[in-house]
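Architecture and fold: a report
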Amino acid sequence: GGGGGGLHAKMQRMLDQVVAYCRTTTRDGVLLIRDPIIRSQLAELALMVETERLLSYESLGNHENRRPPVFAGALGVVVMKEGQSRFAQLCNQIIGPLGQVREGSRWAPMGGDPEAWYRQSYANHAGGAPQVKRMVLATRGLGLPR
């Protein structure tokens, strides 16, 4: 269990959209891309994309070489499930309160995409909530008692 297949590619497209938004949007007369806090948040998003990409490659490599996944496959799942909501939260922090406005409103930045990302980021509990996967990590992955 790696990082949801092509999730890293979807996250990269989202990050690219947010960066483009930051390059063209000002707050208090300053481009968002110039704000050191926002730059730090964008860097955190980029690290999350890279983490997903590497976990996805590891999962693919395990499958191709018939290796059992590390930690019973739970690591990539936990990172993906918890990372998606964190990723969407960070995007909305960068964009600001208007990031909550839905598609169809003239006030919605980026066509309302950030609002949809946020909503969808929590609809990922198929196969078990992250807490359940953490138990798998602890017991089967690390050998801890139940």
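Just so it is clear, the model here is predicted, and its values are computed rather than measured.

So, the overall build of the protein chain
Broken down by element type, the protein chain carries 5 helices and 2 strands. In sequence order, the secondary structure elements of the protein chain are arranged as α-β-β-α-α-α-α. Overall, the C-alpha framework of the protein chain stretches about 55 × 25 × 25 Å when taken along its three principal axes. Taken over 146 residues, the protein chain has a buried fraction of 41%. Pairs at least 24 residues apart make up 67% of the contacts formed inside the protein chain by residues separated by at least 6 positions. Here the protein chain displays about 8800 Å² of accessible surface, and carbon together with sulfur accounts for 56% of that area. In the protein chain, 18 positive and 12 negative side-chain charges are present, and the distance between their average locations comes to 5 Å.

Observations concerning the packing of helix 1 (residues 7-24) against helix 4 (residues 113-121)
Close contact between helix 1 and helix 4 brings their axes to 12 Å; oriented N to C, the two are set at 145°. In the packing of helix 1 onto helix 4, the handedness of the crossing is left-handed. Residue-level contacts link K10, M14, Q17 and V18 of helix 1 to D113, W117 and Q120 of helix 4. Looking at the contact of helix 1 with helix 4, its residues break down into 3 nonpolar, 2 polar and 2 charged.

Side note on the nonpolar core
Within soluble globular proteins, side chains that are nonpolar generally end up buried alongside one another. Counting 23 residues, the largest nonpolar core has L15, V18, C22, L42, L45, F87 and I94 as its most contacted members. A total of 8 residues in this core trace back to one element, the largest contributor, which is helix 1. With sequence-adjacent residues up to four places away left out, L45 is seen in contact with L15, F87, L90, C91 and I94.

What about helix 4?
Every buried residue belonging to helix 4 is among P114, E115, A116, W117 and S121, and all of these are buried. Its buried side turned inward, helix 4 meets helix 1 and helix 3 (74-95).

A closer look at the environment of G141
If you trace the backbone, G141 turns up in helix 5 (residues 130-141). On the accessibility criterion, G141 (27% relative accessible area) is partly exposed. In this structure the C-alpha to C-alpha distance between G141 and I37, which are 104 residues apart in sequence, comes to 36 Å.

Thresholds, definitions, all that
- Residues numbered from 1 in each chain as written.
- Predicted model: local features only at pLDDT ≥ 70, side-chain atom pairs only at ≥ 80, totals over all residues.
- Heavy atoms only, no water.
- Helix = DSSP H or I, 4+ residues; strand = E, 2+ residues; numbered from the N terminus.
- Buried < 20%, exposed > 50% of the residue type's maximum accessible area, 1.4 Å probe, protein only.
- Contact = heavy atoms within 4.5 Å.
- Areas by Shrake-Rupley, 256 points an atom, 1.4 Å probe, with all protein chains shown as cover.
- Lys, Arg positive; Asp, Glu negative; His and termini not counted.
- Charge placed at Lys NZ, Arg CZ, Asp CG, Glu CD.
- Axes fitted to C-alpha atoms, helices over the stretch in contact; angles between N-to-C directions.
- Left-handed = near helix turned anticlockwise from the far one by under 90°.
- Nonpolar A, V, L, I, M, F, W, Y, C, P; charged D, E, K, R; others polar.
- Core = buried A, V, L, I, M, F, W, Y, C linked by side-chain atoms within 4.5 Å.

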